Amino acid sequence: MHGGNRRLEHKNLWAPWRIGYIQGLNERGECFICHNLQNPQDDDKNLVLWRSKCCIVVLNRFPYNNGHLLIAPARHIPGLDEATDEELLEMIKLVRESQKTLSLAIKPHGFNVGMNFGRCAGAGLPEHFHIHVVPRWDGDTNFMSVCSDTDVVSQSLTELLEQLKHISKEHNLPHL
Ligand SMILES: [Zn+2]
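Residues numbered from 1 in each chain as written. Predicted model: local features only at pLDDT ≥ 70, side-chain atom pairs only at ≥ 80, totals over all residues. Heavy atoms only, no water.

A. Main features of the environment of Val48. Within the fold, Val48 resides in strand β1 (residues 48–51). When the C-alpha positions of Val48 and Val58 are compared, they lie 4.3 Å apart, and in sequence the two are ten residues distant. In this structure, Val48 is in contact with Asn36, Asp43, Ile56, Val57, Val58 and Leu161, ignoring residues within four places of it in sequence. (Helix = DSSP H or I, 4+ residues; strand = E, 2+ residues; numbered from the N terminus. Contact = heavy atoms within 4.5 Å.)

Right under this line is the structure:
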């Protein structure tokens, strides 16, 4: 049923540098966030949840857990030094709105919210920084070993995207 996911999770467990590369660049070697930004007609295919004034929010195609969202500035910049106050404020508000939406949709018990800078720190796309929002449930084990649990990511990404979009509309989210 989720054979594809299982294989990727297996790779993730044994070759994290490899999955990082897969995550960050699309098949044409482009930054996938910039590619998504430039192709709004493919938002559903690209798992784009929201576009805001300065940012984009997408479901991670290689999730650590169900509902793993990525929040990125629209500008292709590597870190906080280059971000404007407006971008930073919008990003943290989007963390809040992501948590709200995920809570309504899939009722996590907690969240990991974090950022990786540089490949050595696990950044799959070090040139375009982003915030990870990862839902957590009691008993889903620790952050990294979640990757190897074949049963954790049980909902299909397109189904989840539909659910999150529906809830966003219903509750007028994101409210920035
Ligand atoms: Zn980019």
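Read on for the rest.
B. Structural context of the sheet that holds β1. Strand order in this open sheet of five strands is β1-β2-β3-β5-β4, and the pairing throughout is antiparallel. Where the open sheet ends on each side, the last strands, each with one partner, are β1 and β4 (110–114). Strand-to-strand twist across the sheet, computed as the mean angle between neighbouring axes with direction ignored, equals 15°. Note that β1 and strand β2 (residues 55–59) share three bridges and pair antiparallel. If you follow Trp50 over to β2, its bridge partner there is Val57. Here helix α4 (residues 85–106) sits on the sheet and contacts β1, β2, β3 (69–73), β4 and β5 (131–136); the angle it forms with β3, its principal contact strand, is near 160°. The strands touched by helix α5 (residues 157–170) are β1, β2 and β3; relative to β1, the strand with the most contacts, the crossing angle is about 35°. (Pairing = 2+ DSSP bridges. Axes fitted to C-alpha atoms, helices over the stretch in contact; angles between N-to-C directions.)

C. Molecular detail of a nonpolar patch on the surface. Nonpolar side chains collect at one region of the surface, where Leu80, Leu88 and Phe117 lie side by side and expose about 230 Å² of accessible area between them. As for its placement among the helices and strands, Leu88 is situated in helix α4. Assessed through its relative accessible area of 31%, Leu88 is described here as partly exposed. (Patch = residues over 30% accessible without salt bridge, like charges linked within 9 Å, V, L, I, M, F, W, Y side chains within 5 Å. Areas by Shrake-Rupley, 256 points an atom, 1.4 Å probe, with all protein chains shown as cover. Salt bridge = Lys/Arg side-chain N within 4 Å of Asp/Glu carboxyl O. Buried < 20%, exposed > 50% of the residue type's maximum accessible area, 1.4 Å probe, protein only.)

D. Geometry of the nonpolar core. Ranked by internal contacts, the top residues of the largest apolar core, which has 25 residues, are Leu49, Val57, Leu59, Leu69, Ile71 and Leu164. For this core, the secondary-structure elements that each account for two or more residues are β1, β2, β3, α4, β5 and α5. Among all residues touching Leu164, those that are not within four sequence positions of it are Leu49, Leu59, Leu69, Thr101, Leu102 and Ala105. If you look at the next biggest cluster of nonpolar residues, it comprises eleven residues, including Phe32, Ile33, Val48 and Leu70. (Core = buried A, V, L, I, M, F, W, Y, C linked by side-chain atoms within 4.5 Å.)

E. Representation of the coordination of the zinc ion. Those protein atoms acting as donors to the zinc ion are Cys31 (SG), Cys34 (SG), His76 (ND1) and His128 (ND1), and they sit at 2.0 to 2.3 Å. Note that the zinc ion binds four donor atoms; their angles at the metal cover 103 to 117°, and the shape is tetrahedral. Read in sequence order, the donor residues coordinating the zinc ion give the pattern C-x2-C-x41-H-x51-H. Of the two residues, Cys31 sits in the loop between α2 (16–24) and α3 (32–38) while His128 sits in the loop between β4 and β5, which places them 97 residues apart along the sequence. With respect to class, Cys31 is no different from His128; both count as buried. (Donors = N, O, S within 2.8 Å, 3.2 Å for Na, K, Ca; no water. Tetrahedral: all angles 85-135°; square planar, octahedral: opposite > 155°, others 65-115°.)

F. Quick look at the packing of α4 against α5. Across the interface, α4 lies against α5 with an axial gap of 9 Å and an inter-helix angle of 110°. Taken together, the axes of α4 and α5 lie roughly perpendicular to each other. Taken as a pair, α4 and α5 cross one another with a handedness that is right-handed. Of the residues in α5, those touching α4 at Thr101, Leu102, Leu104, Ala105 and Ile106 are Leu160, Gln163, Leu164, Ile167 and Ser168. Across the contact of α4 with α5, the residue classes tally to seven nonpolar, three polar and no charged. (Parallel < 35°, antiparallel > 145°, perpendicular 65-115°, else oblique. Left-handed = near helix turned anticlockwise from the far one by under 90°. Nonpolar A, V, L, I, M, F, W, Y, C, P; charged D, E, K, R; others polar.)

G. Region of interest: the pattern of salt bridges. Per the stated rule, a full pass over the model turns up eight salt bridges. The salt bridge involving Arg51 is made with Asp43; its shortest N-O contact spans 2.9 Å. Taking relative accessible area as the criterion, Arg51 reaches 35% and is therefore assigned partly exposed. Here Asp43 falls in the buried class, since its relative accessible area comes to 17%. Notably, a salt bridge pairs Glu97 with Lys100, separated by 2.8 Å at the nearest N-O pair. Separated by three residues within a single helix, Glu97 and Lys100 lie in helix α4, roughly one turn from each other. With relative accessibility at 0%, the residue Glu97 sits in the buried group.

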